There are 2 protein chains.
Amino acid sequence: MEKLEYAQEGRTELGALGEFALIDRLTDEFECKNKTTIKGVGDDCAVLGKGKTKTVVTTDTMVEGVHFDMMYTPLKHLGYKAVAMSLSDICAMNATPRQILVSIAVSNRYSVEALEDLYAGIRLCCDRYDVDLVGGDTTTSRAGMMINVTAIGEVTEEAIAYRSGAKMHDLICVSGDLGSAYAGLLILEREKVTYQADPNFKPDLESYDYVLERFLKPEPRADIVKLLAEKEIVPTSMIDVSDGLASELLHICKQSHCGCEVYEDRIPIDYQTTRVCSEMSQNMLPVSCALNGGEDYELLFTISQKDYEKIKDNEEIHIIGHITEEGAPAVMVTPQNTTITLQAQGWTAHE
Amino acid sequence: MEKLEYAQEGRTELGALGEFALIDRLTDEFECKNKTTIKGVGDDCAVLGKGKTKTVVTTDTMVEGVHFDMMYTPLKHLGYKAVAMSLSDICAMNATPRQILVSIAVSNRYSVEALEDLYAGIRLCCDRYDVDLVGGDTTTSRAGMMINVTAIGEVTEEAIAYRSGAKMHDLICVSGDLGSAYAGLLILEREKVTYQADPNFKPDLESYDYVLERFLKPEPRADIVKLLAEKEIVPTSMIDVSDGLASELLHICKQSHCGCEVYEDRIPIDYQTTRVCSEMSQNMLPVSCALNGGEDYELLFTISQKDYEKIKDNEEIHIIGHITEEGAPAVMVTPQNTTITLQAQGWTAHE
């Protein structure tokens, strides 16, 4: 019998590379050869098809204990969120979601009734966004639960928004507010610790309703895609905010070969996010939640300056900065006029 | 904090329903509303699209310890097999595979080099079947490895083969041979037990090369799809053999509202499969491997009698029986002329 373990020598730990570097390394030698493959790995979705209407496809996995904690995640919310996350990737191509396929792997710890709750959440999100469940796979796992959602959408060729199209002087826009999902997570983690110490503890979560909903039941911004179409705006670039504003801005700058400048006081932050931060022991800054928190599932996009008038009065869209020249860094300017270089996780001041 | 565990009372264990009954129960209340959804849950793939060329999509998950055993599964083979399984579902719609998306969840036990081996196998299968890797997701798991492959293919409207189109008197055909993948698994499981008892044991696997390859590195039958197109045959129904011939015949009968009659001595079984069965202690019948073994990834399909002449001399296609009227059972006739009713797992003699 062959020995299939991998020797310690010459072993590179997964943690030694970041997620994006790992994906680059694993997919580096793959080439796309089919003429129906318009865009492969490297954006929110793959873009496929022959005609003027393109198909966009994305897949996302959530693993128990890594992406969700059953201690504070109702299964109905989990089902809703798993679908919402994938639909958000469809929206990030400026596309309309149409279908999903859902694969789950679950241990015997879960009952049929528990899975029915999960699927009730999946159905709720499908109904809300007019999306059809068209397939999937149900299997056993040795431990915990895993959910994979593949989402499919459509978009006309002219309307596709890649990460790579931002041009110098374009305006940087973001929908909704940022950091609130992370604030919700902070509250849930805090209450979990208290509950574990005292199972009779009854947390008062009511005053955190907004941030909790943002974390537990996010909404993909299909309304923004619709609004942009109505206003006849095609974003020059777009991405959804799943890993935090800093990381997403860096993706756009890298793929569009440009720099960017955003203004700290323009970043939309809800008052409940600010309040949660002030309650946290380690002096958490609300802007840190926005930059590095993630899971907001808002849309970050750039538009040409000529489109400014069309959206300037929209309350759901915030202009937070502009694109700068190739070779320039991605920076945030504070109200005190300090320039901070953005990093994918965390950020450091320079000069 | 809400208590999210599910009460024991009123709890239905997952094992109480079969996989297919569970999927039915979970997806029962979903309705397809998009006009681009041609076929949702219930076939090898979903069928999508507006034009004459349709898109077919399928998703499949493999979980370590459930679908594969790292003790005898080289990662390169695992990558190849995960892709091959999904492409087989595309072929089962009489479609041509074009793209895949691969999501993996892995624990820290795996090194970057191990994942490179996995992706080398994925690439080998992509190259062999002219398929593009266009997306995916790489994430952490708390234990073991999970691989999800979504495959996308295309097929013209007239050529789509559903499970539901078989008509009375149609001929039942199967490609390649059946039961050999299961025979390969039996050998690997036997050698594993011996190896665990004596780690110095060096198994001789050479004489089992065919059945081992069938289990570890199956091939989707894209060649059969191509051949049928060349011969201008559109199967009246089609499915791939992933769960064993009996289970697949029952799917076709249920969805086509018909019965079937197959002849035991027509079922193609390789001599190595027969030899492995004779070596096994519990008097294993080769036909049991074919009926209930699964993982052969051959194509099972029905054709109209008028197409008989076009394929009768093809060595890769075996005519094993015919479709009978609605309400008739799915049966196998033995060489002794005994009629056996087929069941999804196992089978019982009647009369």
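Just so you know, the residues in each chain are numbered from 1, in the order the chain's sequence is written. As they are written, the chains are lettered A onward and the ligands numbered 1 onward, keeping that order. A pLDDT threshold of at least 70 governs which residues receive local features in this predicted model, and a stricter bar of 80 or more applies before side-chain atom pairs are shown or counted, although totals over entire chains, interfaces and linings include all residues. Where side-chain values are given, they derive from all heavy atoms of the structure, hydrogens and water being excluded.

Explain the overall build of chain A residue by residue, including any values.
Counting secondary structure elements, chain A contains 10 helices and 14 strands. The size measure is the radius of gyration over C-alpha atoms, and the globule rule it meets is 2.2 Å times the number of residues to the 0.38 power. A compact globule built from 351 residues would reach a C-alpha radius of gyration of about 20 Å, and chain A, at 21 Å, matches this within 12%. Expressed as lengths along the three principal axes of its C-alpha atoms, the size of chain A is roughly 55 × 55 × 50 Å. Relative accessibility thresholds used throughout: buried, under 20% of the residue-type maximum; exposed, over 50%; partly exposed, between the two (1.4 Å probe, protein chains only). A buried classification covers 58% of the 351 residues belonging to chain A. Note on contacts: a residue pair qualifies if any of its non-hydrogen atoms lie within 4.5 Å across the two residues. By sequence separation, contacts in chain A at least 24 residues apart represent 82% of the contacts at least 6 residues apart. For chain A, the accessible area works out to roughly 14800 Å², and carbon and sulfur atoms hold 48% of it. Segments assigned H or I by DSSP are reported as helices when at least four residues long, segments assigned E as strands when at least two residues long, and all are numbered from the N terminus. In short, Shrake-Rupley with a 1.4 Å probe defines the accessible areas, and a residue's cover is counted only from the protein chains shown.

Tell me about a negative patch on the surface, and name the residues and values.
In this scheme, patches are assembled from residues that exceed 30% relative accessible area and form no salt bridge. Like charges are connected within 9 Å, while nonpolar side chains (Val, Leu, Ile, Met, Phe, Trp, Tyr) are connected within 5 Å. Salt bridges are defined by distance alone: a side-chain nitrogen of Lys or Arg within 4 Å of a carboxyl oxygen of Asp or Glu. We treat Lys and Arg as the positive residues and Asp and Glu as the negative residues; His and chain ends play no part in the count. Every charge is mapped onto a representative atom, which is NZ of Lys, CZ of Arg, CG of Asp or CD of Glu. Together, D204, E206, D209 and E213 of chain A make up a negatively charged patch on the protein surface. Structurally, the position occupied by E213 of chain A is in helix α5 (residues 209-216).

Quick rundown of the pairing of strand β9 (residues 259-263) of chain B? Include the residues and the values.
Looking down a regular strand, the side chains alternate between one sheet face and the other. All names here are of chain B. Pairing of β9 with strand β11 (residues 317-324) involves four bridges; the strand directions are antiparallel. When the bridges of β11 are listed, G259 appears paired with T324. In the sheet, β9 pairs with strand β12 (residues 330-333) via four bridges, with the strands oriented parallel. When the bridges of β12 are listed, Y263 appears paired with V333. By the convention used here, strands pair only if DSSP detects at least 2 bridges between them.

If you had to explain the interface of chain A and chain B to someone new, which residues and values would you point to?
With 93 residues of chain A in contact, the opposing surface of chain B contributes 94 residues. Carbon and sulfur atoms make up 59% of the area that chain A and chain B hide from each other, which totals about 7700 Å². Where chain A meets chain B, there are 10 salt bridges. The partner of E113 of chain B in a salt bridge is R25 of chain A, with the nearest N and O atoms 3.9 Å apart. The greatest single-element share of the side of chain A that touches chain B, amounting to 11 residues, is contributed by helix α3 (residues 112-128) of chain A. Under the scheme applied, nonpolar residues are Ala, Val, Leu, Ile, Met, Phe, Trp, Tyr, Cys and Pro; charged residues are Asp, Glu, Lys and Arg; polar residues are all the others, including Gly. In the side of chain A that touches chain B, the residues fall into 39 nonpolar, 27 polar and 27 charged. In short, buried area is how much 1.4 Å probe accessible area vanishes from two parts on joining, totalled over both.

Describe the packing of α3 of chain A against helix α1 (residues 19-27) of chain B, with residues and values.
Any two packed helices are characterised by the angle at which their axes cross and by the distance between the axes. It is the contact of α3 of chain A with α1 of chain B, at a shortest axis distance of 9 Å, that shows an interaxial angle of 40°. Comparing the axis directions of α3 of chain A and α1 of chain B gives the class oblique. Along this stretch, α3 of chain A crosses α1 of chain B, giving a crossing that reads as right-handed. Of the residues in α1 of chain B, those in contact with V112, E113, L115, E116 and Y119 of chain A of α3 of chain A are L22, R25, L26 and T27 of chain B. Looking at the contact of α3 of chain A with α1 of chain B residue by residue, the classes come out as five nonpolar, one polar and three charged. Here an angle of 0 to 180 degrees is reported between the N-to-C directions of two axes, which are lines fitted to C-alpha atoms, with helices fitted over the stretch in contact. Throughout, the term roughly parallel applies to angles under 35 degrees, roughly antiparallel to angles over 145, roughly perpendicular to angles from 65 to 115, and oblique to all others. Handedness of a crossing is defined here by the sense of rotation of the near helix relative to the far one, left-handed for an anticlockwise turn of less than a right angle and right-handed for a clockwise turn.

Go over the environment of E316 of chain A, please, and point to the residues and values.
All names here are of chain A. As for its placement among the helices and strands, E316 is situated in the loop between α10 (308-311) and β11 (317-324). E316 gets classed as partly exposed once you look at its relative accessible area, which sits at 36%. Sequence separation between E316 and M168 is 148 residues, and the spatial gap between their C-alpha atoms is 24 Å. Leaving out residues up to four positions away in the same chain, E316 has contacts with V174, S175, G176, R221 and I224.

Tell me about the sheet that holds strand β2 (residues 46-48) of chain B, residues and numbers included.
All names here are of chain B. If you trace the six strands from one edge of the open sheet to the other, you get β1-β2-β3-β6-β4-β5, paired in mixed fashion. Looking at strand neighbours, the two that pair on one side only are β1 (37-39) and β5 (132-140), the edges of this open sheet. Sheet twist, expressed as the mean angle between neighbouring strand axes with direction ignored, is 20°. Note that β1 and β2 share two bridges and pair antiparallel. Directly across from T37, in β2, lies its bridge partner L48. Along the sheet face, helix α2 (residues 75-91) touches β3 (53-63), β4 (96-106) and β6 (145-156) and points at about 35° away from the line of β6.

So what about empty space enclosed by the protein? Which residues, and what values?
Residue and element names in this part refer to chain B. Cavities and pockets are defined on a 1 Å grid built over the protein atoms alone: a cavity is a set of grid points where a 1.4 Å probe fits but cannot escape, while a pocket is an open set with protein on both sides within 12 Å along at least five of seven lines, and lining residues are those with an atom within 4 Å of any such point. Grid points are joined across faces, edges and corners, and a volume is the space filled by probe spheres set on the points. Counted by the stated rule, this structure contains one cavity of 30 Å³ or more. Of the volumes computed, that of the largest cavity is approximately 50 Å³. Every residue lining the largest cavity is listed: M62, H67, F68, T73, H77, L78, K81, F215 and L216. Elements that contribute at least two residues to the lining of the largest cavity include exactly α2 and α5 (209-216). The element that contributes the greatest number of residues to the lining of the largest cavity is α2, accounting for three residues. Class assignment of the residues belonging to the lining of the largest cavity gives a composition of five nonpolar, three polar and one charged.

Before we move on, could you go through the sheet that holds strand β2 (residues 46-48) of chain A and cite the residues and values that matter?
All names here are of chain A. Judged by pairing direction, the sheet is mixed, and its six strands sit side by side in the order β1-β2-β3-β6-β4-β5 without closing on themselves. If you trace the sheet from one side to the other, it starts and ends with β1 (37-39) and β5 (132-140), each paired once. Between one strand axis and the next, the sheet turns by 20° as a mean value, whatever way the strands run. Strand direction decides the pairing type here: β2 and strand β3 (residues 53-63), joined by three bridges, are antiparallel. Bridge assignment links L48 to a residue of β3, and that residue is T55. Across the face of the sheet, α3 comes into contact with β4 (96-106), β5 and β6 (145-156) while running at roughly 170° to β4.

Report on α2 of chain B, specifying residues and quantitative values.
The terminal C-alpha atoms of α2 of chain B, which comprises 17 residues, lie 24 Å apart, in line with the 24 Å expected from a rise of 1.5 Å per residue. With 15 of 17 residues buried, α2 of chain B is to be regarded as a mostly interior element. In this scheme, a helix's expected span is set at 1.5 Å multiplied by one less than its residue total.

Could you give me a rundown of the pattern of salt bridges, with the residues and numbers involved?
Where charged atoms from two side chains of opposite charge come close, those side chains can pair. With the rule as written, the count across this model stands at 54 salt bridges over all chains. The shortest N-O distance in the salt bridge between E154 of chain A and K50 of chain B comes to 3.9 Å. Here E154 of chain A is found in strand β6, whereas its partner K50 of chain B is found in the loop between β2 and β3 on a different chain. Exposure remark for E154 of chain A: the relative accessible area of 16% places this residue in the buried category. A single network of salt bridges, built from pairs that share partners, joins R214, R221, D223, D296, E298 and E316 of chain A.

Go over the side chain of D240 of chain A with me, naming the residues and quoting the values.
All names here are of chain A. Tracing the backbone shows D240 in strand β8 (residues 237-240). Any pair of nitrogen or oxygen atoms within 3.5 Å is treated as a polar contact; in protein, a donor-acceptor pairing is required on top of that, and neighbouring residues in sequence qualify only through side-chain atoms on both sides. Only 2.7 Å separates the side chain of D240 from the side chain of S88, close enough to count as a polar contact. Dropping the residues within four chain positions of it, D240 is found in contact with D44, M85, S88, D89, A92, E248, Y297, E298 and L299.

Go over the relation of the copies chain A and chain B with me, naming the residues and quoting the values.
Fitting of the copies onto one another was done by least squares over C-alpha atoms, counting residues only where both copies have pLDDT of at least 70. If you rotate chain A by 180° and push it 0.0 Å along the axis, it lands on chain B with an RMSD of 0.0 Å. Put plainly, the chains are arranged around a two-fold axis. Of the residues that chain A buries at the interface, 100% are likewise interface residues in chain B, meaning the two copies contact each other through the same surface.

Can you explain the packing of helix α4 (residues 180-197) of chain B against α5 of chain B? Please cite residues and give values.
All names here are of chain B. At a minimum axis separation of 7 Å, α4 and α5 run at an interaxial angle of 100°. Put simply, α4 runs roughly perpendicular to α5. Along its contact with α4, which presents S180, A181, A183, G184, L185, I187 and L188, the element α5 presents Y210, V211, L212, R214, F215 and L216. A per-class count over the contact of α4 with α5 returns 10 nonpolar, two polar and one charged.

By themselves, these are just geometric observations and shouldn't be taken as functional.
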